[in-house]
Amino acid sequence: MNPNLINQDHSNLGRSTSEYQALDAAHHIHPFSDTAALNTHGSRVIVRGEGLYLYDSDGHKIFDAMSGLWCVNIGYGRRELADAAYQQMLELPFYNTFFKTTHPPVVELSSLLAQISPDGFNHVFYTNSGSEGNDTIIRMVRHYWATLGQPKKKTIISRINGYHGSTIGGASLGGMHYMHEQGDLPIPGIAHIEQPWWFANGGELSPKEYGLKAARALEDKILELGVENVAAFIGEPVQGAGGIIIPPSTYWPEIQRICDHYGILLIADEVICGFGRTGSWFGSEHYGIRPHLMTIAKGLSSGYIPIGGVLIHDKVANVLIAGGDFNHGFTYSGHPVACAVAVANIHILQNEKIIERMNQDVAPYAAQLWHDAFDAHPLVDDVRSLGFFFAVTLVEDKASRKRFSNGSEMALRCRDICLKNKLIMRATGDSMIAAPPLIMSRAQAAEFVALALKCVDEYAREIGR
Ligand SMILES: *Cc1c(COP(=O)(O)O)cnc(C)c1O
């Protein structure tokens with residue numbers, strides 16, 4: 001046993017790293033992974049987290065600049081959430097919400113969500129994940145239009161390189177071609193338009209001009225499909241898994257105008273943006289978007305327990321409520337333990353003013369450091385940040401905006417250098433991206449940016465630049 005191992009008496013069952021890796025390789029198929037390739041190296045074994053640091057089974061301390069998977073907004077190791085789960089499990093570990101029944105945690109969470117959501121959002125439907133939230137939305141918007149006597153309005157328009165989860169519905173809404181390739185996706189009734197990424201698609205247009213052009217792809221698609229067939233548009237306020245794509249300022253107002261003009265529903269997938277990531281409670285508030293439905297998950301419980309849902313604007317809720325049975329739900333919709341944990345999480349965000357502090361103090365400070373480190377760096381371009389989103393795109397030649405033909409390989413090399421330096425960032429296409437916990441302090445922001453720069457410099461040397 002490694003004497004540096006933290007917490008070895010409880011979270012680690014006493015196995016060595018290599019034992020964990022061997023058993024993992026023998027029995028565990030990982031999500032979004034090439035299992036054979038993974039097993040030849042062995043998985044990293046993470047045993048503990050505290051604040052924004054993780055500890056692996058060899059005792060190394062790692063800076064988690066990805067908040068787990070975009071979710072641990074309040075940081076690791078908050079006892080209040082553990083206590084909430086423990087108390088709730090003793091009191092009432094499970095009861096369903098199907099059969100004319102409710103329970104205290106689901107009531108508390110629902111009213112709390114209504115309180116923190118934008119005006120007009122007074123109802124919530126619960127799921128266990130963001131994917132289930134988006135599947136729920138597909139069923140909900142079709143049911144909505146059918147209830148209004150327009151059953152043909154079924155098609156949902158979304159975007160190339162958007163991410164909406166990995167169920168059949170979620171992956172279909174998403175615009176990831178490598179997901180569509182497996183299993184004949186998308187399902188019928190989903191259409192994709194381009195993503196608003198100026199650096200990749202803007203050409204000679206200014207970002208503002210390009211934002212309008214990208215938004216008008218929605219109008220073109222509505223006219224092509226016929227507005228009588230279009231139910232809704234869905235988008236992440238800022239695309240997360242697609243590589244932290246921050247749209248030009250003109251994009252969302254134009255999308256809003258088009259949705260209003262054609263009377264289609266506007267859906268914000270807030271699974272990453274929700275609960276503070278952009279510096280506002282919801283990404284929709286940051287951009288002034290007025291959605292009808294918002295998907296939530298991840299930061300809702302800071303990832304401490306699976307829970308997701310759909311926040312429903314009165315305009316849709318009133319139709320649903322008047323529309324009779326909605327034949328949809330999950331055994332664990334509104335699970336009492338998950339709801340209790342989510343309540344504790346939101347209370348921490350509120351009481352400690354985590355989002356306000358981040359938005360007013362650390363985010364502008366960290367953004368300055370990020371731009372100072374990378375704006376003039378010859379190997380990266382499209383240096384971008386918003387709230388606690390940070391990204392750069394690796395380039396072959398900055399002057400001509402030339403990207404690598406094997407950009408994702410290059411980014412994976414850079415990512416591996418980060419891991420070697422005990423910094424978790426993610427490689428997405430040819431971008432390097434980060435989304436640290438919202439509790440990051442100024443000193444930790446400086447540590448993060450210095451580490452990221454060190455890694456990009458090391459990558460530059462490794463590729464001989
Ligand atoms: C992660 C994510 C999802 C899917 O959530 P799961 O909990 O993994 O099912 C959906 N939408 C967005 C924007 C996400 O980032």
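Since the model is a prediction, treat every value here as computed from it, not as a measurement.

Visitor: For this particular structure, what's the right way to read the overall build of the chain?
Guide: A tally of regular secondary structure across the chain gives 17 helices and 16 strands. Projecting the C-alpha coordinates of the chain onto the three principal axes gives extents of approximately 65 × 60 × 45 Å. Counting all 465 residues of the chain, 55% fall into the buried class. Considering only intrachain contacts with a sequence separation of at least 6, the fraction spanning at least 24 residues in the chain is 70%. When the accessible surface of the chain is split by element, carbon and sulfur atoms take 54% of a total near 20,000 Å². Of the charged side chains in the chain, 38 are positive and 48 negative; the average position of the first set lies 2 Å away from that of the second.

Visitor: How should the site of the ligand be read in this particular structure?
Guide: In the vicinity of the ligand, the contacting residues are Ser129, Gly130, Ser131, Asn134, Tyr163, His164, Gly165, Glu236, Asp269, Val271, Ile272 and Lys298. Between the ligand and Gly130, the relevant distance is 3.0 Å, taken from an oxygen atom to a main-chain nitrogen or oxygen of the residue. A distance of 3.4 Å separates a nitrogen atom of the ligand from a polar backbone atom of Tyr163. Alone, the ligand offers 380 Å² of accessible surface; in the complex the protein occludes 84% of this. Per element, the largest residue contribution to the shell around the ligand is 3 residues, and it comes from helix α6 (residues 130–147).

Visitor: What is the right way to read the pattern of salt bridges from this model?
Guide: Any two side chains of opposite charge can pair, on the condition that their charged atoms come close. Applying the stated rule across the entire model yields 15 salt bridges. A salt bridge links Asp416 to Arg415; the shortest N-O distance between them is 3.1 Å.

Visitor: Just checking my understanding: could you explain the packing of aromatic side chains for this structure?
Guide: Each aromatic ring pair is characterised by the separation of its centres together with the angle its planes make. What the rule picks out here adds up to 18 aromatic pairs. In textbook terms, an aromatic cluster arises when at least three aromatic residues are bridged by ring pairs, as seen for Tyr53, Phe63, Trp370, Phe374, Phe388, Phe390 and Phe448. Here Arg401 stacks its cationic end above the ring of Trp198, 4.4 Å away from the centre of that ring.

Visitor: What is the right way to read helix α13 (residues 314–322) from this model?
Guide: Note that an α-helix has 3.6 residues per turn; residues three or four places apart therefore point the same way. Those residues of α13 lying buried are Val316, Ala317, Val319 and Leu320. Considered in projection along α13, the buried side chains sweep an arc of 165° and stay on one side of the axis. Residues of α13 that are exposed and angled more than 90 degrees away from the buried face: Ile321 and Ala322. Buried-residue contacts for α13 involve β4 (121–127), α6, β8 (265–269), β9 (293–296) and β10 (308–313). With its phi angle positive at about 80°, Gly324 sits one or two positions after the end of α13.

Visitor: Where do I start with the confidence of the model for the chain in this structure?
Guide: Close inspection of predicted coordinates is inappropriate for parts of the model with low pLDDT. Looking at the chain, the pLDDT average stands at 96 and 97% of residues meet or exceed 70. For the stretch residues 1–10, pLDDT sits under 50, and the model shows 14 contacts to residues farther than four places along the chain or on other chains.

Visitor: Mind showing me how you'd approach the packing of helix α15 (residues 354–374) against helix α17 (residues 442–462) here?
Guide: Packing of α15 against α17 leaves a shortest axis separation of 10 Å and a crossing angle of 20°. Put simply, α15 runs roughly parallel to α17. With respect to the hand of their crossing, α15 and α17 are arranged in right-handed fashion. Each of Asp361, Val362, Tyr365, Ala366, Leu369, Trp370, Ala373 and Phe374 in α15 lies in contact with α17, whose residues at this interface are Arg442, Ala445, Ala446, Phe448, Val449, Ala452, Leu453 and Val456. Residues belonging to the contact of α15 with α17 are distributed by class as follows: 14 nonpolar, no polar and 2 charged.

Visitor: So what exactly am I meant to see when it comes to the packing of helix α10 (residues 207–225) against helix α11 (residues 251–262) here?
Guide: Packed helix pairs are specified by the crossing angle of their axes together with the interaxial distance, meaning the distance between the axes. Put simply, α10 and α11 touch, their axes get as near as 7 Å, and they point 20° apart. The angle between α10 and α11 places the two elements in the roughly parallel class. In this structure, α10 meets α11 at a crossing whose hand is right-handed. Residue-level contacts link Gly211, Leu212, Ala214, Ala215, Arg216, Leu218, Glu219, Ile222 and Leu223 of α10 to Tyr251, Glu254, Ile255, Arg257, Ile258, Cys259 and Tyr262 of α11.

Visitor: In this structure, what is going on with the side chain of Asp24? I would like to understand it.
Guide: Inspection of the secondary structure assignment puts Asp24 in helix α1 (residues 17–27). Within the structure, the side chain of Asp24 is placed 3.2 Å from the side chain of Ser43, a separation counted as a polar contact. Residues contacting Asp24, with those up to four places away along its chain left out, are His30 and Ser43.

Visitor: Honestly, the sheet that holds β10 in this entry has me stumped. Any pointers?
Guide: The strands making up a sheet are joined through hydrogen bonds of the backbone, oriented either antiparallel or parallel. Pairing within the open sheet is mixed, and its 7 strands lie in the order β4-β10-β9-β8-β7-β5-β6. Bordering the open sheet on either side are β4 and β6 (190–193), each of which pairs with just one other strand. Between one strand axis and the next, the sheet turns through 25° on average, direction left out of account. Both β4 and β10 contribute to a ladder of 6 bridges, which runs antiparallel. Looking at the pairing, Phe125 lines up with Val310 of β10. Packing of α11 onto the sheet brings it into contact with β5 (155–159), β7 (230–235) and β8, and relative to β7 it is tilted by some 165°. The sheet contacts of α13 involve β4, β8, β9 and β10, and relative to β10 the element is tilted by about 95°.

Visitor: Explanation requested: the nonpolar core in the structure shown.
Guide: One broad trend across soluble globular proteins is that nonpolar side chains are buried collectively. Counting 74 residues, the largest nonpolar core has Leu109, Leu113, Phe275, Trp370, Leu423, Met425 and Phe448 as its most contacted members. Among the elements that take part in this core, helix α14 (residues 336–351) stands out by supplying 10 residues, more than any other. Both domains that meet at this core, namely domain 1 (12–77 + 353–462) and domain 2 (81–351), each give it at least three residues. Once residues within four sequence positions are removed from consideration, Leu423 is found in contact with Ile62, Phe63, Ala65, Cys418, Phe448, Leu451, Ala452 and Cys455. In terms of nonpolar packing, the next biggest core, distinct from the first, is built from 38 residues, Tyr210, Ile244, Tyr287 and Leu386 among them.

Visitor: Looking at this structure, how should I read the sheet that holds strand β3 (residues 61–64)?
Guide: Taken in spatial order, the 4 strands make up an open sheet running β1-β2-β3-β14, and their pairing is mixed. With partners counted over all chains shown, the strands left at the sheet margins are β1 (46–50) and β14 (423–424), one partner each. Where β1 meets strand β2 (residues 53–56), 4 bridges bridge the pair, whose relative direction is antiparallel. From the neighbouring strand, Ile46 faces β2, where its bridge partner is Asp56.

Conventions we followed
Residues numbered from 1 in each chain as written. Predicted model: local features only at pLDDT ≥ 70, side-chain atom pairs only at ≥ 80, totals over all residues. Heavy atoms only, no water. Helix = DSSP H or I, 4+ residues; strand = E, 2+ residues; numbered from the N terminus. Buried < 20%, exposed > 50% of the residue type's maximum accessible area, 1.4 Å probe, protein only. Contact = heavy atoms within 4.5 Å. Areas by Shrake-Rupley, 256 points an atom, 1.4 Å probe, with all protein chains shown as cover. Lys, Arg positive; Asp, Glu negative; His and termini not counted. Charge placed at Lys NZ, Arg CZ, Asp CG, Glu CD. Near = heavy atom within 4 Å. Polar contact = N/O pair within 3.5 Å; in protein donor to acceptor, adjacent residues only side chain to side chain. Salt bridge = Lys/Arg side-chain N within 4 Å of Asp/Glu carboxyl O. Phe/Tyr/Trp six-rings, centres within 6.5 Å; stacked < 30°, edge-to-face > 60°. Lys NZ or Arg CZ within 6 Å of the ring centre and 35° of its normal. Arc of directions from axis to C-beta. pLDDT = per-residue confidence, 0-100. Axes fitted to C-alpha atoms, helices over the stretch in contact; angles between N-to-C directions. Parallel < 35°, antiparallel > 145°, perpendicular 65-115°, else oblique. Left-handed = near helix turned anticlockwise from the far one by under 90°. Nonpolar A, V, L, I, M, F, W, Y, C, P; charged D, E, K, R; others polar. Pairing = 2+ DSSP bridges. Core = buried A, V, L, I, M, F, W, Y, C linked by side-chain atoms within 4.5 Å. Domains from an automatic or database assignment.

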